[in-house]
Amino acid sequence: MRHYQKSSHASYHPATLHHARYPAAAAAEDPLQRVVRLASGSAIVIFSVSTCCMCHALKRLFCGMGVNPTVFELDQDPGGGEIERALTLLLGSGSALPVVFIGGKLVGAMDRVMASHINGTLVPLLKEAGALWL
Amino acid sequence: MASTRRVLGEPAALSGISHHLPYSNPHMLHNHPPDTSFGRNQEESSFDFGELEEPIVLGGVKINKNKTKETLYSSVKASAILEMLPSWPIPRQRESSKSGEESTDSGSALIKPDSESPISTKAPSDHHKTARAAAEDDSDREHDDLQPPQPPLQSPDIQMESARTGVSQSKSAAKQTTEKTLRRLAQNREAARKSRLRKKAYVQQLESSRMRLSQLEQDIQSARSQGLFIGGRATTGNISSAGAVFDMEYSRWLDEDIGHMSELRAAVQSHLSDGDLRAIVDGYVSHYDEIFRLKGVAAKSDVFHLITGTWVTPVERCYLWMGGFRPSELIKMLIPQLDPLTEQQLLGICGLQQSSQQAEDALAQGLDQLHQSLLQTIANSSLNDSMHHMVIALGKLANLEGFVRQADNLRQQTLHQLRRILTVRQAARCFLVMGEYYGRLRALSSLWASRPRE
């Protein structure tokens with residue numbers, strides 16, 4: 001798993017998608033279930049694409065707030081395409097990435113995250129999930 | 001009458017010329033003063049004919065004569081003028097009568113602004129049709145179909161006599177009047193002819209412009225089909241580009257903004273009830289929602305137009321951030337003007353300033369990464385696969401729309417949050433301050449543009 005190294009003071013750690021190898025005999029996990037599982041694994045989870053600038057902007061937003069998000073770079077995972085499609089279904093609109101989950105619950109794409117930050121609901125959510133300490 | 005004229009004069013740049021076009025209304029030709037000098041003194045026209053005289057060189061324009069006519073006409077009422085004019089008697093005499101009677105035909109109608117033309121020369125004029133009479137609009141003769149009563153004319157009797165005898169006691173006086181009249185009427189004819197020529201010139205200009213426009217449209221289409229023009233995703237029609245359409249919508253939005261501002265000002269000063277004030281305040285928020293929606297549409301077709309900022313004034317352009325205003329700067333400007341605020345409100349607003357600042361920083365960093373990545377793509381392309389890299393670069397460039405959209409989203413959310421934190425009355429004053437602030441920036445641009453230069 002490659003490390004995200006866009007900035008020298010990277011304050012989020014890249015996550016390993018827990019099944020790096022395709023399960024041979026076990027039933028393939030439904031992408032949506034996988035999303036849920038991954039999202040519940042950390043206080044704040046971002047599904048991103050390593051080359052996407054908007055995803056970079058979102059990561060910088062959380063870093064600026066002093067938050068360490070868990071980032072899944074879908075372009076670096078064989079099952080990434082499926083996850084992206086599942087996310088598109090969840091959100092109900094195209095071009096889903098980046099997508100944020102806080103405390104296992106879906107917050108949304110960039111515009112929803114910005115809106116919730118401006119209207120003051122993002123910080124309490126982060127605190128509640130334990131991603132942010134005053 | 002004045003209003004009809006203005007309708008014709010719709011294109012501002014051509015308003016002067018179009019005012020002279022009489023084709024839509026026969027009355028206009030008659031009420032149209034032959035010279036500029038007349039126009040200034042009649043309530044109908046409000047433009048300076050004289051300004052047009054110079055650029056359109058038609059030859060034989062005698063402005064001196066006009067000036068003398070000006071004093072004459074300004075001091076004499078229309079009915080009195082008519083009393084001086086010959087009517088029936090003149091046609092009897094051949095050499096001067098022909099011109100005189102046609103002049104009467106056109107002149108009298110021209111001079112009397114009312115719809116009634118008291119001097120009816122229908123019958124005699126039919127007999128004497130010259131080239132000049134034929135050249136005049138048919139509307140002239142239509143006009144004369146009205147058969148109003150003949151006003152008491154003193155001089156016609158005298159003129160009739162003089163026409164018959166050729167020599168009489170008051171012949172010199174009558175002749176002098178007749179000469180003046182003839183001169184005047186000749187001026188009328190001149191002016192009418194000039195006006196016709198001007199109309200022809202204008203129409204020709206229109207035709208050539210139209211051809212040029214269709215040529216340009218064809219060029220754009222061919223360039224677009226060759227893939228050189230990227231903003232063709234949302235075709236807003238072939239007449240104007242998305243940028244031009246947005247500029248039009250934005251100028252309309254600015255006009256509406258002025259309306260909202262005066263409404264807010266009046267509401268705040270007149271101490272309306274909270275309910276009524278709320279409607280006005282919420283209306284202003286919707287007004288801003290509308291421009292954000294329009295910008296979203298424009299961003300799809302031509303994001304560079306929004307970013308480059310030709311749609312705002314130069315001073316505003318200095319402060320343009322991602323195609324619009326910077327929310328944190330706006331909040332910073334507003335805070336001292338919003339007094340008195342409760343502690344909770346102050347906390348909320350400072351929090352708003354901080355969160356908008358953070359969001360702006362994040363977007364700026366994302367955009368910066370886009371710029372870097374784009375430059376790298378273009379710089380790194382070798383000779384072989386430069387086209388491939390260009391395609392990749394194009395894909396990256398497409399992300400610009402997303403950033404402008406997020407920036408507008410940020411602006412919109414900031415305004416909504418501001419509305420939530422403040423009371424109705426505070427919000428009204430807040431929006432007044434905001435509108436005034438941006439209005440001053442725009443005014444500064446105008447002042448700067450018109451400043452005297454050495």
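Residues numbered from 1 in each chain as written. Chains lettered and ligands numbered in written order. Predicted model: local features only at pLDDT ≥ 70, side-chain atom pairs only at ≥ 80, totals over all residues. Heavy atoms only, no water.

As named in an unreviewed UniProt entry, chain B is BZIP transcription factor family protein isoform 1, taken from Dorcoceras hygrometricum. UniProt's Sequence similarities (unreviewed entry) comment on chain B is quoted here verbatim: "Belongs to the bZIP family." (UniProt positions renumbered as here; feature names shortened; annotations may be inferred.)

Chain A has the name Glutaredoxin domain-containing protein in an unreviewed UniProt entry, where Dorcoceras hygrometricum is given as its organism. In the Subcellular location (unreviewed entry) part of its UniProt record, chain A is described as follows: "Cytoplasm". Check the Sequence similarities (unreviewed entry) section of the UniProt entry for chain A; it says "Belongs to the glutaredoxin family. CC-type subfamily."

Next up on the list: the overall build of chain B. What chain B contains, in helices and strands, is 21 helices and zero strands. Classification of the 454 residues of chain B by burial places 42% in the buried group. The contacts of chain B with a sequence gap of at least 6 include a subset with a gap of at least 24, amounting to 74%. Accessible area of chain B: about 24,700 Å², with a carbon and sulfur share of 56%. (Helix = DSSP H or I, 4+ residues; strand = E, 2+ residues; numbered from the N terminus. Buried < 20%, exposed > 50% of the residue type's maximum accessible area, 1.4 Å probe, protein only. Contact = heavy atoms within 4.5 Å. Areas by Shrake-Rupley, 256 points an atom, 1.4 Å probe, with all protein chains shown as cover.)

Turning to the pairing of strand β2 (residues 70-73) of chain A, a few remarks are in order. Looking down a regular strand, the side chains alternate between one sheet face and the other. Residues and elements named next belong to chain A. Neither face of β2 is left uncovered, since the one carrying T70 and F72 and the one carrying V71 and E73 both have all their residues buried. Sheet topology note: the strand β1 (residues 44-48)/β2 ladder contains four bridges and is parallel. Paired with S48 across the bridge in β2 is E73. For the handedness criterion, the β-α-β arrangement of β1, helix α2 (residues 53-64) and β2 is classed as right-handed. (Pairing = 2+ DSSP bridges. Right-handed = clockwise from strand over helix to strand, strands pointing away.)

Our next topic: the sheet that holds β1 of chain A. Residues and elements named next belong to chain A. Read across the sheet, four strands follow the order β2-β1-β3-β4 without closing on themselves; strand pairing throughout is mixed. In the strand order of this sheet, the two ends are held by β2 and β4 (105-108), each with one partner. Geometrically, the sheet is characterised by an average inter-axis angle of 25° between neighbouring strands, direction not taken into account. Summarising the sheet, β1 and strand β3 (residues 99-102) pair through four bridges and their orientation is antiparallel. Across the sheet, residue V45 finds its bridge partner in β3, namely F101. Helix-sheet contacts for α2 involve β1, β2 and β3, and the interaxial angle to β1 is about 160°. Sitting on the sheet, helix α4 (residues 110-118) is in contact with β3 and β4, with an inclination near 95° to β4. (Axes fitted to C-alpha atoms, helices over the stretch in contact; angles between N-to-C directions.)

Now for the packing of α4 of chain A against helix α20 (residues 399-421) of chain B. Helix packing geometry: the angle between the two helix axes and the distance between the axes. It is the contact of α4 of chain A with α20 of chain B, at a shortest axis distance of 9 Å, that shows an interaxial angle of 30°. Of the possible angle classes, the one that applies to α4 of chain A and α20 of chain B is roughly parallel. In the crossing of α4 of chain A with α20 of chain B, the sense of the turn from one axis to the other is right-handed. Packed against α4 of chain A, whose contacting residues are M110, D111, M114, A115 and I118 of chain A, the element α20 of chain B presents Q406, N409, L410, Q413, T414 and Q417 of chain B at the interface. (Parallel < 35°, antiparallel > 145°, perpendicular 65-115°, else oblique. Left-handed = near helix turned anticlockwise from the far one by under 90°.)

Before going further, it helps to examine empty space enclosed by the protein. Residue and element names in this part refer to chain B. Under the defined criterion, the tally for this structure stands at six cavities of 30 Å³ or more. Looking at the largest cavity, its volume works out to about 380 Å³. As for the largest cavity, its lining consists of 25 residues, of which V312, E316, G324, F325 and Y438 are closest to the centre. Contributions of two or more residues to the lining of the largest cavity are made by α14 (242-269), α15 (274-308), α17 (327-334) and α21 (424-449). No other element matches α21, which puts six residues into the lining of the largest cavity. (1 Å grid on protein atoms, 1.4 Å probe; cavity = no way out; pocket = protein on both sides within 12 Å on 5 of 7 lines; lining within 4 Å. Points joined across faces, edges and corners; volume = space filled by probe spheres on them.)

Attention now moves to the interface of chain A and chain B. Between chain A and chain B, the residue contacts involve 17 residues of the former and 20 residues of the latter. Of the roughly 1,600 Å² buried where chain A meets chain B, counting both sides, 66% is carbon and sulfur surface. Ranking the residues of chain A by area buried against chain B places C53, M114 and I118 of chain A at the top, with a combined share of 39%. Viewed at the interface, chain B and chain A are joined by zero salt bridges. (Buried area = accessible area lost by both parts, 1.4 Å probe. Salt bridge = Lys/Arg side-chain N within 4 Å of Asp/Glu carboxyl O.)

Glancing now at the pairing of β4 of chain A. Residue and element names in this part refer to chain A. The sheet contact formed by β3 and β4 spans three bridges and is antiparallel. Looking at the pairing, F101 lines up with L106 of β4. Hairpin connection from β3 to β4: two residues lie between these consecutive antiparallel strands, with G103 at a positive phi of about 60°.

Now for a nonpolar patch on the surface. Residues and elements named next belong to chain B. Judged by side-chain polarity, I378, M387, M390 and V391 come together as a nonpolar surface patch covering roughly 400 Å² of accessible area. If you tally residues by element for the nonpolar patch, the top one is helix α19 (residues 386-397), at three residues. One can find M387 in helix α19. Overall, the relative accessible area of 59% leaves M387 in the exposed class. (Patch = residues over 30% accessible without salt bridge, like charges linked within 9 Å, V, L, I, M, F, W, Y side chains within 5 Å.)

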